[in-house]
Amino acid sequence: CVSSRTHEQTLAELEKARHAAARQAAEDEASLAEARRENGRLAARLEEIGKDKLSTKQLRDRLTITMVDRVLFESGSDRITAEGMEVLYKVSAVLRDASDKRILVSGHTDNVPIGPSLRGRFKTNWELSTARATSVVRYLVDHGGIAPRSLTAVGHAYTKPVADNESEEGRSHNRRIEIMLYPKDLEKVVAGVEQ
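Within every chain, residues take consecutive numbers counted from 1 along the sequence as written. Note on the predicted model: pLDDT of at least 70 is required for a residue's local features to be given, and 80 or more for side-chain atom pairs to be given and counted; whole-chain, interface and lining totals, by contrast, use all residues. For side-chain calculations, the full set of non-hydrogen atoms in the structure is used, while hydrogens and water are omitted.

**Student:** How should I be thinking about the nonpolar core in this particular structure?
**Tutor:** The tendency in soluble globular proteins is for nonpolar side chains to be buried as a group. For this analysis, a nonpolar core means a set of buried residues of the types Ala, Val, Leu, Ile, Met, Phe, Trp, Tyr and Cys, connected via side-chain atoms within 4.5 Å. Each residue's exposure class comes from its accessible area (1.4 Å probe, protein chains only) as a fraction of the maximum for that residue type: buried when under 20%, exposed when over 50%, partly exposed otherwise. Formed by 31 residues in total, the largest nonpolar core has its most connected members in Val 91, Val 105 and Ile 179. Elements that contribute at least two residues to this core include exactly helix H1 (2-47), strand E2 (62-68), helix H2 (69-72), helix H3 (82-96), strand E3 (101-108), helix H4 (125-142) and strand E5 (176-183). Among residues more than four places away in sequence, those in contact with Val 105 are Ala 133, Val 136, Val 137, Leu 140, Leu 151, Thr 152, Ala 153, Val 154, Ile 177, Glu 178 and Ile 179. For the purposes of this entry, the term helix denotes a DSSP run of H or I that reaches at least four residues, the term strand denotes a run of E that reaches at least two, and both are numbered from the N terminus. A contact between two residues is defined here by any heavy atoms of the two lying within 4.5 Å.

Right, here's the structure in full:
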């Protein structure tokens, strides 16, 4: 009977699709496990630089390096300090070994408005956070040997705090640079979703 043959074909197609989905899930899990191992190796190398200068956090296939601003910048400035250059040079040596990653550099500030003496240069915390992220990107390209096409700079100002802005200690944690490493193939996934 034609309808039972069609039903059997549909069941066979569904079974084939289920197997393909299971195979893809297994490949994705293996890829994620490898990304975690690689990020773990990178994090171990970064932590040798010093816990007082940076910290690392791994989430799925991403690795985030957090650097407090006092290591990199003077208050209200986007010029990298001598200590900051030393730290970034060491970080860039690790990043060069992660050539299969995209690198997002994010600048963050506390919620204290820019003072009158700095307003000629940075109208708000948005400009300051973006200028700091851009300074780090420029350093990574010019002195760290990181390919420009791998880097993106973005400023978040005070919009993504990690601590309460009510205390100086909390504000100090919020003033930071984050360097996030994520898979290059994520761009392909995003491009596929946007089509």
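Back to the text.
**Student:** For this particular structure, what's the right way to read the pairing of strand E1 (residues 54-59)?
**Tutor:** Each regular strand displays side chains that alternate between the two surfaces of the sheet. Looking at chain direction, E1 and E2 are connected through six bridges and run antiparallel. Within the sheet, the bridge partner assigned to Leu 54 lies in E2 and is Met 67. Counting the residues in the hairpin turn of E1 and E2 gives two residues, including Arg 60, whose phi is positive at 50°. A pair of strands is treated as paired once DSSP finds two or more bridges between them.

**Student:** Honestly, the environment of Ala 82 in this entry has me stumped. Any pointers?
**Tutor:** Mapping Ala 82 onto the fold places it in helix H3. As for Ala 82 and Val 71, which are separated by 11 residues in sequence, their C-alpha atoms are 9.1 Å apart.

**Student:** Explain the environment of Arg 62 to me, please; I cannot follow it from the model alone.
**Tutor:** Mapped onto the fold, Arg 62 is located in strand E2. The sequence separation of Arg 62 and Asn 39 amounts to 23 residues, and the corresponding C-alpha distance is 7.4 Å.

**Student:** Sorry if this is basic, but what is going on with the sheet that holds E3 here?
**Tutor:** The pairing of strands in a sheet comes from backbone hydrogen bonds and takes either a parallel or an antiparallel form. Spatially, the five strands line up as an open sheet ordered E1-E2-E5-E3-E4, and their pairing is mixed. Strands at the two margins of the open sheet, each flanked by one partner only, are E1 and strand E4 (151-155). Within the sheet, the average angular offset between the axes of one strand and its neighbour, ignoring direction, is 20°. In terms of strand pairing, E2 meets E5 through six bridges, oriented antiparallel. The residue of E5 that forms the bridge with Leu 63 is Leu 181. Orientation is described by lines fitted to C-alpha atoms, with helices fitted over the stretch in contact, and by angles between N-to-C directions that extend from 0 to 180 degrees.

**Student:** Where do I start with H3 in this structure?
**Tutor:** Each helix should span, by expectation, one fewer than its residue count multiplied by 1.5 Å. Its 15 residues place the ends of H3 21 Å apart at the C-alpha level, agreeing with the 21 Å of an ideal helix rising 1.5 Å per residue. Among all positions in H3, only Gly 84, Val 87, Leu 88, Val 91, Ser 92, Val 94 and Leu 95 are buried. What you see down the axis of H3 is that its buried residues fit within an arc of 155°, all on one side. Across from the buried face of H3, at angles greater than 90 degrees, the exposed residues are Ala 82 and Glu 86. Our arc is simply the arc of the directions from the helix axis toward the C-beta atoms.

**Student:** Sorry if this is basic, but what is going on with the pattern of salt bridges here?
**Tutor:** Pairing of side chains with opposite charge becomes possible as their charged atoms draw close. Basic side-chain nitrogens of Lys or Arg form a salt bridge, by our definition, when they fall within 4 Å of a carboxyl oxygen of Asp or Glu. According to the stated counting rule, one finds 12 salt bridges in the structure shown. The partner of Arg 45 in a salt bridge is Asp 97, with the nearest N and O atoms 2.7 Å apart. In this pair, Arg 45 sits in helix H1 while Asp 97 sits in the loop between H3 and E3, placing the two residues 52 residues apart along the sequence. The exposure class of Asp 97 is partly exposed, given its relative accessible area of 47%. A cluster of three or more residues bridged by salt bridges with shared partners is formed by Asp 69, Asp 110, Arg 132, Glu 168, Arg 171 and Arg 175.

**Student:** Help me out: how do you make sense of the environment of Leu 63 in this one?
**Tutor:** Here Leu 63 is to be found in strand E2. For the pair formed by Leu 63 and Leu 42, sequence separation is 21 residues and the distance between their alpha carbons is 8.6 Å. Apart from the residues lying within four places of it in its own chain, the contact partners of Leu 63 are Asn 39, Leu 42, Ala 43, Leu 46, Thr 56, Lys 57, Gln 58, Ile 179, Met 180 and Leu 181.

**Student:** Please explain the pairing of E4 as it appears in this structure.
**Tutor:** Two elements, E3 and E4, share five bridges in a ladder whose sense is parallel. Among the inter-strand pairings, Ser 106 is bridged to a residue of E4, identified as Val 154. By convention, a crossover is right-handed whenever its connection, traced from the first strand over the helix to the second and viewed with the strands pointing away, goes clockwise. Once the chain exits E3 it traverses H4 before rejoining the sheet at E4, and the crossover so formed is right-handed.

None of the figures reported here should be taken as evidence of function without further support.
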